[in-house]
Structures are given as structure tokens and as C-alpha cells.
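Here's the letter readout for the chains.
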Amino acid sequence: MQHAVGAPLPPPQGPGNGPWTHQAQHSGHPGQAGPPPPPMAPGPQPPAPQPPAHQHAPVPPSRETTGHVQLPPGGPVPLPAPPAEPGTGAATLAVLLIGPAGAGKTTVAKLWAGRRRVPTAHVSLDDVREWVCSGFADPQAGWNDHSEAQYRLARRTCGFAARNFLANGISCILDDAVFPDRPVVGLGGWKRHVGPGLLPVVLLPGLEVVLERNAARSGNRRLSDEEVARIHGRMAGWYGSGLPIIDNSTYDVETTARVLDDVLARSIASPPAW
């Protein structure tokens, strides 16, 4: 049945309010119930349902599945083969770009991914973490069990995305502020979710540069100067870790992306121990 535009919707077809009501309405006697129907003659009863002869035990979930989603074949990402040309060339690889807020991780990662000759994706952990709209646990409001749980979930999601990209021949660069002295947000989780073939690189400009870039930010991505200085000081712990470190204090974005490609080529030839 079609209703006129703007007309109120009819009441829902519920018990006592629709064509299937058991109270018949008679003309001249609104609301009066009609005579009850005559009783039905007893007839043969339908057979009772029989239980199944046997039931199979539920199949335990495979280690290669997460819920109902099949993980990419091959499991964790292996080390890429050395490229046959300068830079990373056409190698399919997974990269983790590490650095403090204001280091330029996301900007450099996007440019590097966009300039490669082979399909390459970019996934920022901060972006994935902010997929949670209602109930978002902002770390700036304090690091607690809630914010840590959402961070772990975002990291696991990023790792799963990277493995799916690589399983389909697409390289992936991820960026995150990974601390060398904090296991919760350390490299171990990334290695567990992506695989031993993940290539970490640290982007660490000077404090003055980081403070200047942070001041140009807006919204919840902008931190206080004290917080930026504290994070930058902790990131200095990556010196002596064996990971490649790029000081991009005097580099523009394009130069930093070129240096990153050269560093990754060397990492493929001689993977860092981490």
C-alpha cells in the first residue's frame, strides 16, 4: 500500500492490530467479539521430531584464522629478495617507519609509497586507531588499560592489513611512534603481527625541528611542548640499537624519501638484528 507524502505511517501489524487479529469486528457492534469457532475434530498428530543420530564436535579454530577471516597464505612476512637495481626497485617489502610526533613519518611514508614503481600501500597506526569514533581512548588524556587495548587492536589491524597486502603482491609501509624502552608499544608486537621480514627504520630529526613541526599541527595530533620533548628524549634510545636512523633535520620530504629508499635497499641486503 502506498501512503501519501507526509502522511503518518499506519500502526505496525502486531497482535490485535491488523488483519490477523482473532477478534472479528461486526457492523453495528464495534469492539464486540464474534462467536467462538467450533472445536476442531481430533485428527492424526504429526510425528515428534527425532534427535539426530550423532552430532559432530565443533571444529577448533585453526591457527591460520582470525575469527572467520582466512589469513594470507604463507603466514608471517619473509625477508624480501635483494633488488636487482639501485634502491628498493621492484622489491615487495614491508616497512615500519618509527619516529616521534613531528618527525614527518606519515608525510614521508605517503611520498615514498606514491613514488615507487610497484604497488605500495601506506597504513598509519594513528589513523587506524582513530577509526574508533564513539569511545575513542585518546592517549593524550592519559595512558590506561582502555587506551592500551585500543592501541593493541590498531596494531593488530595494521599487521593483518600488511600481511594481506603482501600476500597479494602489494608492498606496505606502516608508521608508528615505537618506543625502545616500552615493550607495550615496542617492536615485539609489530614483529609478531607482521613477521620477521618487517624492515624498521627510525626517523629522528633534532628536537627544535620536531617542536616547530608539532606547532603547525592542529586537533588531537598536536601535543604540548613538554610531551614532545619527553617523547623525543625517549626516542634517542634507538641510537645503538642496530636499527638504521635517519636524521632528517635538514632534509625536505622528497630528499628524506630518497634517503629512506637507499636505507631500505641496504637493509634488504643486510637485515638489521632486532
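Residues numbered from 1 in each chain as written. Predicted model: local features only at pLDDT ≥ 70, side-chain atom pairs only at ≥ 80, totals over all residues. Heavy atoms only, no water.

On to the overall build of the chain, then. Broken down by element type, the chain carries seven helices and seven strands. Secondary structure elements of the chain occur, N-terminal to C-terminal, as β-β-β-α-β-α-α-β-α-β-α-α-β-α. Considering only intrachain contacts with a sequence separation of at least 6, the fraction spanning at least 24 residues in the chain is 75%. Total accessible area on the chain is roughly 16800 Å²; 59% of this is exposed by carbon and sulfur atoms. (Helix = DSSP H or I, 4+ residues; strand = E, 2+ residues; numbered from the N terminus. Contact = heavy atoms within 4.5 Å. Areas by Shrake-Rupley, 256 points an atom, 1.4 Å probe, with all protein chains shown as cover.)

It is worth spelling out the packing of helix α5 (residues 207–215) against helix α6 (residues 225–235) at this point. Remark: α5 packs on α6, axes separated minimally by 10 Å, with the N-to-C direction vectors making an angle of 140°. One finds that α5 runs oblique with respect to α6. Our pair here, α5 against α6, has a crossing hand that is right-handed. In contact with L207, V210, L211 and N214 of α5, α6 contributes D225, V228, A229 and H232. Taken together, the residues that form the contact of α5 with α6 break down as five nonpolar, two polar and one charged. (Axes fitted to C-alpha atoms, helices over the stretch in contact; angles between N-to-C directions. Parallel < 35°, antiparallel > 145°, perpendicular 65-115°, else oblique. Left-handed = near helix turned anticlockwise from the far one by under 90°. Nonpolar A, V, L, I, M, F, W, Y, C, P; charged D, E, K, R; others polar.)

With that out of the way, let us pick up the packing of helix α3 (residues 145–167) against helix α4 (residues 187–194). Where α3 contacts α4, the two axes come as close as 8 Å, and the packing angle between them is 40°. Relative to α4, α3 is oriented oblique. Crossing angle aside, the handedness with which α3 passes α4 is right-handed. The segment α3 lies against α4, with Y151, R155, R156, C158, G159 and R163 engaging G189, W190, R192, H193 and V194. The class makeup of the residues in the contact of α3 with α4 is four nonpolar, three polar and four charged.

What follows covers the sheet that holds strand β6 (residues 199–203). Taken together, five strands build an open sheet; the order of strands is β4-β5-β3-β6-β7 and the sheet is parallel. Each of the sheet's edge strands pairs with one partner strand only, and the pair in question is β4 (120–124) and β7 (245–246). With four bridges joining them, strand β3 (residues 94–98) and β6 adopt parallel strand pairing. Across the sheet, L97 pairs through a bridge with V201, a residue of β6. α3 contacts β3, β4 and β5 (171–176) of the sheet and is inclined by roughly 165° relative to β5. (Pairing = 2+ DSSP bridges.)

Once that is clear, we can look at the confidence of the model for the chain. In the predicted model, the chain carries a mean pLDDT of 79, and 68% of its residues have values of at least 70. In this model, residues 12–31 is a region of pLDDT below 50 whose contacts with residues beyond four sequence positions or in other chains number 15 contacts. (pLDDT = per-residue confidence, 0-100.)

Of the pockets and cavities examined, the largest pocket occupies roughly 640 Å³. Together, 29 residues line the largest pocket, and R129, P139, A177, L223 and I231 are the ones closest to its centre. Counting residues per element, the lining of the largest pocket draws most heavily on α6, which supplies four residues. Class assignment for the residues of the lining of the largest pocket results in twelve nonpolar, four polar and 13 charged. (1 Å grid on protein atoms, 1.4 Å probe; cavity = no way out; pocket = protein on both sides within 12 Å on 5 of 7 lines; lining within 4 Å. Points joined across faces, edges and corners; volume = space filled by probe spheres on them.)

Turning our eyes to something else, we now look at the packing of aromatic side chains. Applying the stated criterion across every chain yields a total of zero aromatic pairs. Stacked on the ring of F179, the Lys or Arg R234 has its end atom at 4.4 Å from the ring centre. (Phe/Tyr/Trp six-rings, centres within 6.5 Å; stacked < 30°, edge-to-face > 60°. Lys NZ or Arg CZ within 6 Å of the ring centre and 35° of its normal.)

A word on the pairing of β5. Along β5, six of the six residues are buried, which leaves the element largely enclosed by surrounding structure. Of the two faces of β5, the one carrying S171, I173 and D175 and the one carrying C172, L174 and D176 are both buried. As judged from the five bridges shared by β3 and β5, these two strands associate in the parallel manner. Residue pairing in the sheet places L97 in a bridge with D175 of β5. Pairing geometry for β4 and β5, over five bridges, is parallel. Among the inter-strand pairings, V123 is bridged to a residue of β5, identified as L174. (Buried < 20%, exposed > 50% of the residue type's maximum accessible area, 1.4 Å probe, protein only.)

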